[in-house]
Amino acid sequence: MRKALLMLTCAAVIAASVGCEKKEKKAVSDTAPETTAAFTETSTAATTAEATTAEADTTVPEAAAAEEPATKAAGDDSKYTESMDIARDFYKAYINKDAAAVYDMFSKEEMEAYYKVIAPTLDGKAPNEVFKRSVVEKAISDSMKAVGDIMQSYADTENDKWSVLISEENIRDISQDDLDGFNKDYGTSFKSAVQCRYMFYQDDTNGQAFTGNTASFLEKDGKWYLSFSQLIQSDLYQYIYME
């Protein structure tokens, strides 16, 4: 089965191991999942953050202030009609430590498709239990804490103000061929997809910034969603455990 640029193929997911023990629980995967070319030039803030200054990158736009948490209703009725808007709100939710806001950006269609693909690796456990909302939100919170720990290392005080630096040039279109392959593998019907490969979390108090976490977004019927499977596989898998 061919690889889709946004996530693992069905075969790759089914081959994932579930044997790693941590804190007396089974991890969903014992190693980082195989990724495709879409992720080869990205970095995760929790592991590869790189200090810089806002002035060092002349292409970054004005910071998007993180004053209010991103929110939306659950399900497949996204409020986002532009990929940049959902990308900004995703990263602002990380600054605000609003895991519920991130969860509400997911597409129910993609989540259910991922459940079917991952089911054979879960030792007979139901995917909707392994990946129930409370578990996924806890994983998102743990991921946010990892980013927050890096913020603390660059901040002058606990009250430093942070914002998101992201530009249109950093939102990369996924090719139609790769999206078609993903839809075929997952049984979905998304019309377009993008990936944010490069952004900054900026400390507005002292001007320091570091590169942030990758995210992908899917569009259907003019509405944009955060890719559940990509976020699970690129980041959250390490925080999700089976009892």
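Thresholds, definitions, all that
- Residues numbered from 1 in each chain as written.
- Predicted model: local features only at pLDDT ≥ 70, side-chain atom pairs only at ≥ 80, totals over all residues.
- Heavy atoms only, no water.
- Helix = DSSP H or I, 4+ residues; strand = E, 2+ residues; numbered from the N terminus.
- Buried < 20%, exposed > 50% of the residue type's maximum accessible area, 1.4 Å probe, protein only.
- Contact = heavy atoms within 4.5 Å.
- Polar contact = N/O pair within 3.5 Å; in protein donor to acceptor, adjacent residues only side chain to side chain.
- Patch = residues over 30% accessible without salt bridge, like charges linked within 9 Å, V, L, I, M, F, W, Y side chains within 5 Å.
- Areas by Shrake-Rupley, 256 points an atom, 1.4 Å probe, with all protein chains shown as cover.
- Salt bridge = Lys/Arg side-chain N within 4 Å of Asp/Glu carboxyl O.
- Lys, Arg positive; Asp, Glu negative; His and termini not counted.
- Charge placed at Lys NZ, Arg CZ, Asp CG, Glu CD.
- Pairing = 2+ DSSP bridges.
- Axes fitted to C-alpha atoms, helices over the stretch in contact; angles between N-to-C directions.

This brings us to the overall build of the protein chain. A count of helical and extended segments in the protein chain gives nine helices and twelve strands. Relative to its 243 residues, the protein chain shows a buried fraction of 52%. Long-range contacts, defined as pairs at least 24 residues apart, comprise 77% of the intrachain contacts of the protein chain with a sequence gap of at least 6.

So, about helix α5 (residues 108–118). Of all eleven residues that make up α5, eight are buried, and the element is covered over most of its length. Taken as a whole, α5 has its buried residues at Glu109, Glu110, Met111, Ala113, Tyr114, Tyr115, Val117 and Ile118. For α5, the N-terminal cap is Ser107; the gap from its side-chain oxygen to the backbone nitrogen of Glu109 is 3.2 Å.

For Ser143, the position within the fold is in helix α7 (residues 133–154). The buried category is assigned to Ser143, whose relative accessible area is 3%. If near-sequence neighbours (up to four positions away) are discounted, Ser143 is found in contact with Tyr94, Asp235, Leu236 and Tyr239.

Once that is clear, we can look at helix α8 (residues 176–186). Turning to α8, its buried residues number three or more, namely Asp178, Leu179, Gly181, Phe182, Asn183, Asp185 and Tyr186. The first or second residue beyond α8 is Gly187, which carries a positive phi of 70°.

With that settled, the discussion passes to a negative patch on the surface. A cluster of acidic residues, Glu82, Asp85, Glu168 and Glu169, forms a negative patch at the surface. A residue is classified by how much of its surface remains accessible, and Glu168, at 51% relative accessible area, is exposed.

Moving on: the environment of Thr81. Its location among the elements puts Thr81 in the loop between β4 (64–65) and α3 (83–96). Residue Thr81 is classed as partly exposed on the basis of its relative accessible area, which comes to 46%. Taking the C-alpha atoms as reference points, Thr81 and Trp224, 143 residues apart in sequence, are found 5.9 Å from one another. The contacts of Thr81, once residues within four sequence positions are left out, are Gly222, Lys223 and Trp224.

With that out of the way, let us pick up the sheet that holds strand β6 (residues 171–173). The antiparallel open sheet is built from four strands, whose spatial order is β6-β7-β10-β11. A single partner strand is all that each edge strand has here, and the edge strands are β6 and β11 (223–226). Each neighbouring strand pair of the sheet contributes to a mean axis angle of 30°, computed without reference to strand direction. Across five bridges, the pairing between strand β7 (residues 192–196) and strand β10 (residues 215–220) is antiparallel. The residue of β10 that forms the bridge with Val194 is Phe217.

Okay, the pairing of strand β8 (residues 200–203) next. Here β8 shows two buried faces, one formed by Phe200 and Gln202 and the other by Tyr201 and Asp203. In this sheet, β8 lies alongside strand β5 (residues 162–165) in antiparallel orientation, the contact comprising four bridges. Across the sheet, Val164 pairs through a bridge with Tyr201, a residue of β8. Judged from the three bridges that link them, β8 and strand β9 (residues 208–211) form a sheet pairing that is antiparallel. Bridge pairing links Tyr201 to Phe210 in β9. The turn joining β8 and β9, which pair antiparallel and follow one another in sequence, is formed by four residues; a positive phi near 85° is taken by Gly207.

To continue, consider the pattern of salt bridges. Across all of its chains, the model carries eight salt bridges by this definition. For Asp77, the salt bridge goes to Lys223, with nearest N and O atoms at 3.5 Å. Of the two residues, Asp77 sits in the loop between β4 and α3 while Lys223 sits in strand β11, which places them 146 residues apart along the sequence. Residue Lys223 is classed as partly exposed on the basis of its relative accessible area, which comes to 24%. For Glu109, the salt bridge identified is with Lys220, shortest N-O distance 2.9 Å. Separated by 111 residues along the polypeptide, Glu109 in helix α5 and Lys220 in strand β10 bring together distant segments of the chain. Among the charged side chains, a salt-bridge network with shared partners connects Asp104, Arg133 and Glu137.

Residue placement: Ser229 occurs in helix α9 (residues 228–234). For Ser229, a relative accessible area of 0% translates into the label buried. At 2.6 Å, the side chain of Ser229 and the side chain of Glu110 are in polar contact.

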